[in-house]
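Architecture and fold: a report
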Amino acid sequence: ARLVAETLAEGTAKRTPEELEDAFGQYGAVVSTSAGADDLTIRAKCLAKDLPAVWSLVQEMLVEPRLDPAEFERLKTEALTAIASREGSPGSLTSLALSRALYGPDHPYGRSSLGTEASVSSLTLKDAKKWVKQNLRAPRVRVQFAGAVDAETAAALAAPLADALKPKARPIPALPDPVSVDPQ
């Protein structure tokens with residue numbers, strides 16, 4: 001999910017990365033993508049008066065991602081570098097060890113959102129496209145607005161995205177229970 005999140009910021013089917021950045025910049029919008037153990041997030045900050053235009057660009061990222069082969073490979077290389085860097089960070093290794101102890105290695109919270117060298121190395125653009133097709137669909141996508149936007153406006157803005165993300169998502173898999181820890 002992390003690699004896909006970063007790839008979403010690299011343009012859309014209609015816009016190169018530079019064109020997408022310029023389009024957001026036209027409105028002074030700040031946009032970021034991230035992914036954790038159980039989510040992929042796109043955050044956009046803008047003035048309330050620019051929300052419809054900025055939201056339209058965010059929808060474009062979700063519905064029509066570019067998924068360019070060269071950008072995917074560049075981001076994959078960056079991910080592998082981050083994984084190698086993590087291996088030299090006592091804080092990162094300690095945090096990962098604690099997560100594994102609490103949740104177990106088979107639970108998403110027991111693994112690093114960066115992935116492993118083996119898991120990232122084996123990813124292909126075809127895998128990313130499949131992930132997008134399976135996961136960026138209703139009901140798996142949640143939209144939240146904050147700030148100077150009322151509920152009616154938010155619902156009106158979100159409606160086209162709900163229509164575009166046809167409800168063909170695979171069922172959310174059951175997760176293993178966290179590992180029991182004896183406090184003694």
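Quick summary incoming for the structure in this document. (Residues numbered from 1 in each chain as written. Predicted model: local features only at pLDDT ≥ 70, side-chain atom pairs only at ≥ 80, totals over all residues. Heavy atoms only, no water.)

A word on the pattern of salt bridges. Within the structure shown, the criterion is met by eight salt bridges. We note a salt bridge from Arg2 to Glu6, for which the minimum N-O separation is 3.4 Å. Here Arg2 pairs with Glu6, and both are found in helix 1 (residues 2–8), just four residues apart, close to one helical turn. By relative accessible area, which is 30% here, Arg2 ends up partly exposed. The exposure class assigned to Glu6 is partly exposed, which follows from its relative accessible area of 23%. Among the ionic pairs, Glu60 bridges to Arg15, the shortest N-O distance being 2.9 Å. With Glu60 in helix 3 (residues 51–63) and Arg15 in the loop between helix 1 and helix 2 (17–25), this pair connects stretches of sequence that are 45 residues apart. Residue class for Arg15 comes out partly exposed when judged on its relative accessible area of 26%. A cluster of three or more residues bridged by salt bridges with shared partners is formed by Glu10, Glu71, Arg74 and Glu78. (Salt bridge = Lys/Arg side-chain N within 4 Å of Asp/Glu carboxyl O. Helix = DSSP H or I, 4+ residues; strand = E, 2+ residues; numbered from the N terminus. Buried < 20%, exposed > 50% of the residue type's maximum accessible area, 1.4 Å probe, protein only.)

Assignment of secondary structure puts Ala148 in the loop between helix 7 (125–135) and helix 8 (151–164). For Ala148, a relative accessible area of 70% gives the class exposed.

This next bit is on the pairing of strand 2 (residues 40–45). As paired elements, strand 1 (residues 30–35) and strand 2 share six bridges and run antiparallel to each other. Within strand 2, the position partnered with Ser32 by the bridge is Arg43. Hairpin connection from strand 1 to strand 2: four residues lie between these consecutive antiparallel strands. (Pairing = 2+ DSSP bridges.)

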